[in-house]
Amino acid sequence: TTNELPGDKKPGLTEVNAHWHDVLDIRYRQFLESITALDLDSAQRHLQIFTRLLNAHINFETEHLSGYFASESNTLKLIDADHLILKRTMDRVAAALGQIGSADNARAGLINHLNEFMRLLNVLEHHDEREQAAFYPQVEEAITRAQSDALGNQMNEIMTASISA
């Protein structure tokens, strides 16, 4: 995949974020495909990659973008709350995968945990919508185009490195 936009215009922060949200969605859906096929080894690999990507993304936003908001900002509070919910839900998904792997009947274990797996997908979609509607537009208003490009490049580097970490 290329990060080039039409007309050789380099993508800014918002476009790079959208790309990585798409990658996160694809990676989590790969996990879901593996787990529903009861291919637990593949599910574990996909979940590990997804987890590294999600943690890198959350850490990037916390370390590099939160400073553009006042500490009492409602948008920042909502994004921070989303990040907490994502991490807690991710922990539940990882625990559920372990329980399925140790169950006598993996299919029954899967059925018992389907709601947890779908909850994470729903939380991700909700978080993406919140970021697109408020968080990234507010960051973009506070920075120059050059800063947006630089932050986009930095996000690309961090996210790319997290895949192979």
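Residues numbered from 1 in each chain as written. Predicted model: local features only at pLDDT ≥ 70, side-chain atom pairs only at ≥ 80, totals over all residues. Heavy atoms only, no water.

1. Observations concerning the overall build of the chain
Helix and strand counts for the chain come out as five helices and zero strands. Seen in sequence order, the chain has helices and strands lined up from the N terminus as α-α-α-α-α. Split into buried and exposed, the 165 residues of the chain put 41% on the buried side. Put simply, 79% of the contacts in the chain that link residues at least 6 apart link residues at least 24 apart. (Helix = DSSP H or I, 4+ residues; strand = E, 2+ residues; numbered from the N terminus. Buried < 20%, exposed > 50% of the residue type's maximum accessible area, 1.4 Å probe, protein only. Contact = heavy atoms within 4.5 Å.)

2. A few points about the confidence of the model for the chain
The pLDDT averaged across the chain works out to 91; a share of 95% of its residues lies at or above 70. The low-confidence segment residues 1-8, where pLDDT is below 50, has nine contacts with residues more than four positions distant or belonging to other chains. (pLDDT = per-residue confidence, 0-100.)

3. Thoughts on the pattern of salt bridges
The final tally for this structure, using the stated rule, is four salt bridges. The shortest N-O distance in the salt bridge between Glu-125 and Arg-29 comes to 3.3 Å. Note that Glu-125 is positioned in helix α4 (residues 106-142) and Arg-29 in helix α1 (residues 13-36), a separation of 96 residues in sequence. On the accessibility criterion, Glu-125 (32% relative accessible area) is partly exposed. (Salt bridge = Lys/Arg side-chain N within 4 Å of Asp/Glu carboxyl O.)

4. A look at the packing of helix α2 (residues 40-65) against α4
Taken N-terminus to C-terminus, the directions of α2 and α4 make an angle of 25°; their axes are 14 Å apart at the nearest point. Viewed along their axes, α2 and α4 adopt a mutual orientation that is roughly parallel. Read as a crossing pair, α2 and α4 show a hand that is left-handed. Residue-level inspection shows Phe-50, Leu-54, His-57, Glu-61 and Leu-65 of α2 in contact with α4, the latter providing Leu-120, Leu-124, His-127, Glu-131, Phe-135, Tyr-136 and Val-139. (Axes fitted to C-alpha atoms, helices over the stretch in contact; angles between N-to-C directions. Parallel < 35°, antiparallel > 145°, perpendicular 65-115°, else oblique. Left-handed = near helix turned anticlockwise from the far one by under 90°.)

5. Remarks on the packing of α1 against α2
Interhelical geometry of α1 versus α2 gives an angle of 155° and a closest axis separation of 8 Å. In terms of orientation, α1 lies roughly antiparallel with respect to α2. Of the two possible hands of crossing, α1 and α2 adopt the one that is left-handed.

6. Focus on the environment of Val-23
Topologically, Val-23 is positioned in helix α1. Residue Val-23 is classed as buried on the basis of its relative accessible area of 17%.

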